[in-house]
Amino acid sequence: MIAVLIPTLNEGEAIKSVIEKFPSKYRGEEVEKYVIDGNSSDSTVENAKEAGAHVIHQTLDGGKGDAIREILAEVDADYYVMIDGDGTYDPEEVGKLLDPLLDGEAEHVIGARKNREADAIPFFNRIGNWFFNRATSVATGKEVSDMLSGYRAFTRNSIDYYGLTSPGFGIETEMTLSTLESNLPIKEVDINYSERIGESKLHPIEDGWRIFKTLMWSIRDLNPLKFFSGSAFLLLIIASYPSYLVFEQKLATGRVQDLGPVVFSAMLIILAVQLMIFGMLADQIRNTEKRLRMTQK
């Protein structure tokens, strides 16, 4: 069975069309549509029921992330499709995402928003997307072009590897990083992306900061050696300038008169060494946990 998961909040204008465009069957698999609603005040619930979707009322207080976690706990399926209810993604392209799963080519498929309308993604959001994609590629060593896409499909098996904790829009970040870190087969397919119907729920600054925090903490948990060694390297760069001042003063006068740069650079260097040690210990613990988890499967 294929379960289509649609988190909603006041998507009354678009939700019916989104649901009705999905097929009832795909390649012999039953397709069931589930709407998890975050207490909409418009006609979202009524329109979703009219379109034939199962409606689940969200009980967790958070946003999209909590909605997805809650619905995954309630709905048992072989394959899942996650899509927004605002009409930005085309349900008729669902085959592009499901085919790699059904053919055994991937465990997780991301719909990369390559073919988008001119104003579908604001300029500030495009800059943020580029930064997050580059940070993910650097952290994992694997190229990702659209890690924040809300249109994706994944298998039941892949859920066991997700460490989902983000209550809001960071859910896509956690899914992508967990899949990459677990070395599950992942694939990106090009999809269309349109302007949303209705008012956007995404706040570029506030939600961008939340996504950034989710990304950083996920990298810390999934690849602690890279996170802590990167932080240590940054501290060493900062420490290089006061260290230079100390050596310059020593060479010029034969002694160190100003102890401020000495103390500051020494503190930074000691902290950098500690971070490296933390990173190595955390990486060892993480690898041990991974081996134990694989042994239990």
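Residues numbered from 1 in each chain as written. Predicted model: local features only at pLDDT ≥ 70, side-chain atom pairs only at ≥ 80, totals over all residues. Heavy atoms only, no water.

A. Spatial organisation of the pattern of salt bridges. Per the stated rule, a full pass over the model turns up 13 salt bridges. With a closest N to O distance of 3.5 Å, K25 and E30 form a salt bridge. A residue is classified by how much of its surface remains accessible, and K25, at 49% relative accessible area, is partly exposed. Its relative accessible area of 37% is what places E30 among the partly exposed residues. A salt bridge links K64 to D84, with the shortest nitrogen-to-oxygen separation between them at 2.7 Å. One end of the pair, K64, is in helix α3 (residues 64-74); the other, D84, is in the loop between β5 (79-82) and α4 (94-102), with 20 residues separating them in the sequence. Here K64 and D84 have matching classes, each one buried. (Salt bridge = Lys/Arg side-chain N within 4 Å of Asp/Glu carboxyl O. Buried < 20%, exposed > 50% of the residue type's maximum accessible area, 1.4 Å probe, protein only. Helix = DSSP H or I, 4+ residues; strand = E, 2+ residues; numbered from the N terminus.)

B. Quick look at the side chain of D86. On the secondary structure map, D86 appears in the loop between β5 and α4. Of the polar contacts made by the side chain of D86, one reaches the side chain of T88; its length is 2.7 Å. Among all residues touching D86, those that are not within four sequence positions of it are E11, A14, R196 and I197. (Polar contact = N/O pair within 3.5 Å; in protein donor to acceptor, adjacent residues only side chain to side chain. Contact = heavy atoms within 4.5 Å.)

C. Local environment of α4. Within α4, seven of the nine residues are buried, leaving the element largely enclosed by the surrounding structure. Residues of α4 that are buried: V94, G95, L97, L98, P100, L101 and L102. Trailing α4 by a residue or two, G104 shows a phi angle of about 75°, which is positive.

D. Highlighting the pairing of strand β6 (residues 108-116). Relative to strand β7 (residues 152-155), β6 is paired through three bridges, and the arrangement is antiparallel. Residue pairing for β7: V109 is matched across the bridge by A153. Direction of pairing for β6 relative to strand β8 (residues 186-193): parallel, over a ladder of seven bridges. Paired with N115 across the two strands is N192, which belongs to β8. (Pairing = 2+ DSSP bridges.)

E. A nonpolar patch on the surface, seen in detail. A cluster of nonpolar side chains, L225, L236, I269, V273, M276, I277, F278, M280 and L281, forms an exposed patch at the surface whose accessible area comes to about 770 Å². Put simply, the parts of the chain that give the nonpolar patch at least two residues each are α9 (224-253) and α10 (260-296). For the nonpolar patch, the element with the highest residue contribution is α10, accounting for seven residues. Summarising the element assignment, V273 is placed in helix α10. (Patch = residues over 30% accessible without salt bridge, like charges linked within 9 Å, V, L, I, M, F, W, Y side chains within 5 Å. Areas by Shrake-Rupley, 256 points an atom, 1.4 Å probe, with all protein chains shown as cover.)

F. Seen up close, the nonpolar core. Ranked by size, the top nonpolar core spans 33 residues in total, and within it I6, I19, F22, V35, V81, L98 and Y151 carry the most contacts. Listed by contribution, the elements that provide at least two residues to this core are β1 (2-8), α1 (15-20), β3 (29-37), α2 (44-50), β5, α4 and β8. Dropping the residues within four chain positions of it, V81 is found in contact with I2, A3, V4, L5, F22, V94, L98, Y151, R152 and A153. Of all hydrophobic cores here, the second largest spans 20 residues; its members include F132, F228, L268 and A272. (Core = buried A, V, L, I, M, F, W, Y, C linked by side-chain atoms within 4.5 Å.)

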